[in-house]
Amino acid sequence: MTHRPNTKCHYPEIMKPTDEELIKKCLKNDPVAQRELYDRHSAMLFGVCIRYARNRQDAEDIFQDAFIKAFAQLDKFEFKGSFAGWIRRLFVNYALNYY
């Protein structure tokens, strides 16, 4: 599976939610919010995976596994600092422990 970030926003521009709003909706299992959060951060996070992986296939595996882990641990995000920084750190740590 080749990673291709979806840049289409699932909300009208005027109603574009913040990361905090999306996270709160994700915690309530809102699939539209989950997709939006994924689309918003996937390109940057796949870049992290490419930097730390030995090859593209490993990067794709790390990306998928780390996103599953991130969504499972969303309740641990304390809204202190940026969500992008929190999830990036999670991806870096996952990639470092992958091998």
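Look above for the structure.
Here's a quick rundown of the structure.

What counts, and at which threshold
- Counting from 1, residues in each chain are numbered in the order their sequence is written.
- A pLDDT threshold of at least 70 governs which residues receive local features in this predicted model, and a stricter bar of 80 or more applies before side-chain atom pairs are shown or counted, although totals over entire chains, interfaces and linings include all residues.
- Each side-chain value is derived from all of the structure's non-hydrogen atoms; neither hydrogens nor water enter the calculation.
- A run of H or I in DSSP counts as a helix once it spans at least four residues, and a run of E counts as a strand once it spans at least two, with each numbered from the N terminus.
- Partly exposed describes any residue whose relative accessible area lies between the buried limit of under 20% and the exposed limit of over 50%, with all areas from a 1.4 Å probe on protein chains only and scaled to the type maximum.
- Any two residues whose heavy atoms approach within 4.5 Å are treated as being in contact.
- In these tables, accessible area is a Shrake-Rupley quantity obtained with a 1.4 Å probe, and a residue counts as shielded only by the protein chains included in the view.
- Only the six-membered ring of Trp is used, alongside the rings of Phe and Tyr, when aromatic pairs are assigned; centres must lie within 6.5 Å, and planes under 30 degrees apart are stacked while those over 60 apart are edge-to-face, with the rest tilted.
- In this analysis the charged atom, NZ for Lys or CZ for Arg, is taken to sit over a ring once it is within 6 Å of the ring centre and within 35 degrees of the ring normal.
- Expected helix span is computed as 1.5 Å times (number of residues minus one).
- We define a polar contact as two N or O atoms separated by no more than 3.5 Å, with the added condition that, inside protein, one atom must be a possible hydrogen donor and the other a possible acceptor, whereas residues neighbouring each other in sequence contribute only through side-chain atom pairs.

1. Here we look at the overall build of the protein
Moving on, step 1. Secondary structure assignment for the protein yields 4 helices and 0 strands.
Moving on, step 2. The 99 residues of the protein split such that 36% are buried.
Moving on, step 3. Of all intrachain contacts in the protein linking residues separated by at least 6 positions in sequence, the fraction that spans at least 24 positions is 60%.
Moving on, step 4. A total of about 6,300 Å² of accessible surface is found on the protein, and carbon and sulfur atoms cover 51% of it.

2. Digging into the environment of R35
Moving on, step 1. If you trace the backbone, R35 turns up in helix α2 (residues 31–52).
Moving on, step 2. Residue class for R35 comes out partly exposed when judged on its relative accessible area of 38%.
Moving on, step 3. The sequence separation of R35 and L22 amounts to 13 residues, and the corresponding C-alpha distance is 9.5 Å.

3. A few points about unusual backbone geometry
Negative phi characterises most residues that are not glycine, and trans characterises most peptide bonds.
Moving on, step 1. One non-glycine residue, N29, adopts positive backbone phi at about 60°.
Moving on, step 2. Structurally, the position occupied by N29 is in the loop between α1 (19–26) and α2.
Moving on, step 3. By relative accessible area, which is 58% here, N29 ends up exposed.
Moving on, step 4. The backbone of F79 sits at a positive phi, close to 60°, despite the residue not being glycine.
Moving on, step 5. F79 sits in the partly exposed class, given a relative accessible area of 34%.

4. Describing the packing of aromatic side chains
In this description, a pair of aromatic rings is defined by centroid distance and the angle of the planes.
Moving on, step 1. Across all of its chains, the model carries 12 aromatic pairs by this definition.
Moving on, step 2. Pairing F77 with F79 gives two aromatic rings, centres 5.0 Å apart and planes at 65°, and the pair type is edge-to-face.
Moving on, step 3. Members of the aromatic cluster, joined through ring pairs, are Y38, F46, F63, F67, F71 and F91.
Moving on, step 4. Here K24 stacks its cationic end above the ring of F79, 5.7 Å away from the centre of that ring.
Moving on, step 5. One Lys or Arg, R54, reaches over the ring of Y99 and ends 3.8 Å from the middle of that ring.

5. Brief notes about helix α3 (residues 56–72)
Moving on, step 1. For α3, which comprises 17 residues, the first-to-last C-alpha distance of 24 Å matches the rise-based estimate of 24 Å (1.5 Å per residue) to within 8%.
Moving on, step 2. All buried positions along α3 are accounted for by D58, A59, E60, I62, F63, A66, F67 and A70.
Moving on, step 3. Among the structural elements, α2 and α4 (83–98) are those in contact with the buried residues of α3.
Moving on, step 4. Where α3 begins, the side chain of N55 points an oxygen toward the backbone nitrogen of Q57, at a separation of 3.2 Å.

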